[in-house]
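# Structural overview
Spelled out from the first residue to the last, the chains are:
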Amino acid sequence: MTNSFNFGQADVLFTDVDDTLTTDGQLLPETYLALCRLAAAGIRVIPVTGGCAGWCDQIIRTWPVTAVIGEGGAFYAERTAPQTVRWHYWNDAAVHKRDQEAILTAVAALDLDFEPQLASDQAFRYVDVAVDYNQQQSLSSEQVAALHNALVGQGFNVRQSSIHLNVWLGDFDKSTMAVRVGQEVLGLDLQALQQRAVFIGDAPNDESMFRCFPLSVGVANIRKHLPGMTHRPAAVVSQRSGLGFAEMAENWLRQRTESDLPQAETHPV
């Protein structure tokens, strides 16, 4: 990671999960330790993932995080007590469920020369629909493009993560919900949040976050996507996935030490 990247006074981290925190589907000990070190230094960590509600429930209950944003910005979850989790939806939960059913019907009715497969975690999703292209099945780039175009043509929002095509209805994405979390959980308006928050990600579905947050970082595996991206990270670390996250954390914590910034604050996690 370039030494010229300045984390400044930042004390909030929004982080993607799949292939940013995880490495080949696993959370490495080096990565989890980096998460813990950031939290212990007073940095409020908020995962922002296309992952399902079931995954988010595990994250908010067991990781050292302040909140978690899931299903591409459809909701966020926060702990209100050690064993109590509160869910906040972008819209009404019943509306989201109706929209999800419409998307599932549309995916099942697609007339393509291959059969799209839902992600294995679809049963644990509250709002969006995830179609697997690079997790338990492998689609060609032409098949991914055909699937993407067919769903966009029906009026759905579609974003490509490193493993899924996430499909939803509504005017939310990762960045709009991150801004809402900044206001409702952190008490920060947009300008303050942009000054105090860092984002790290790896894929085209992180573009809204790269656009919204000037202090943005990509792990090394984002390089293959950069030519097709309009909004790119301000810096890219040298290592991929979870080790790249740990590299970013090490640089951030070193800068805080060198700047004599406080290494522990009273922000709850």
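Residues numbered from 1 in each chain as written. Predicted model: local features only at pLDDT ≥ 70, side-chain atom pairs only at ≥ 80, totals over all residues. Heavy atoms only, no water.

## Some thoughts on the nonpolar core
In this structure, L13 and F14 are the most contacted members of the largest nonpolar core, which totals 65 residues. Considering each element in turn, this core owes the most residues, 6 residues, to helix α8 (residues 241-258). The contacts of L13, once residues within four sequence positions are left out, are L38, I43, R44, V45, I46, V198, I200, F245, M248 and W252. (Core = buried A, V, L, I, M, F, W, Y, C linked by side-chain atoms within 4.5 Å. Buried < 20%, exposed > 50% of the residue type's maximum accessible area, 1.4 Å probe, protein only. Helix = DSSP H or I, 4+ residues; strand = E, 2+ residues; numbered from the N terminus. Contact = heavy atoms within 4.5 Å.)

## Brief notes about the sheet that holds strand β5 (residues 84-89)
Picture the strands of a sheet paired through backbone hydrogen bonds; they go either parallel or antiparallel. If you trace the 3 strands from one edge of the open sheet to the other, you get β3-β4-β5, paired in antiparallel fashion. Sheet topology places β3 (68-70) and β5 at the edges, where each strand pairs with a single neighbour. Put simply, the sheet's adjacent strands are angled 30° from each other on average, direction ignored. Helix-sheet contacts for helix α5 (residues 174-184) involve β3, β4 (75-81) and β5, and the interaxial angle to β4 is about 25°. (Pairing = 2+ DSSP bridges. Axes fitted to C-alpha atoms, helices over the stretch in contact; angles between N-to-C directions.)

## So, unusual backbone geometry
Backbone geometry places D19, a non-glycine residue, at a positive phi of 65°. Along the chain, the position of D19 falls in the loop between β1 (12-15) and α1 (29-40). Phi at E71 takes a positive value of approximately 50°, unusual for a residue other than glycine.

## So, the state of the cysteines
Summed over all chains, the structure comprises 0 disulfides. With no disulfide of its own, C52 has C56 as its nearest cysteine by sulfur position, at a separation of 6.8 Å. Look at C52 and you get buried, because its relative accessible area is 5%. In this structure C56 comes out as buried when scored by relative accessible area, which is 0%. (Disulfide = S-S within 2.5 Å.)

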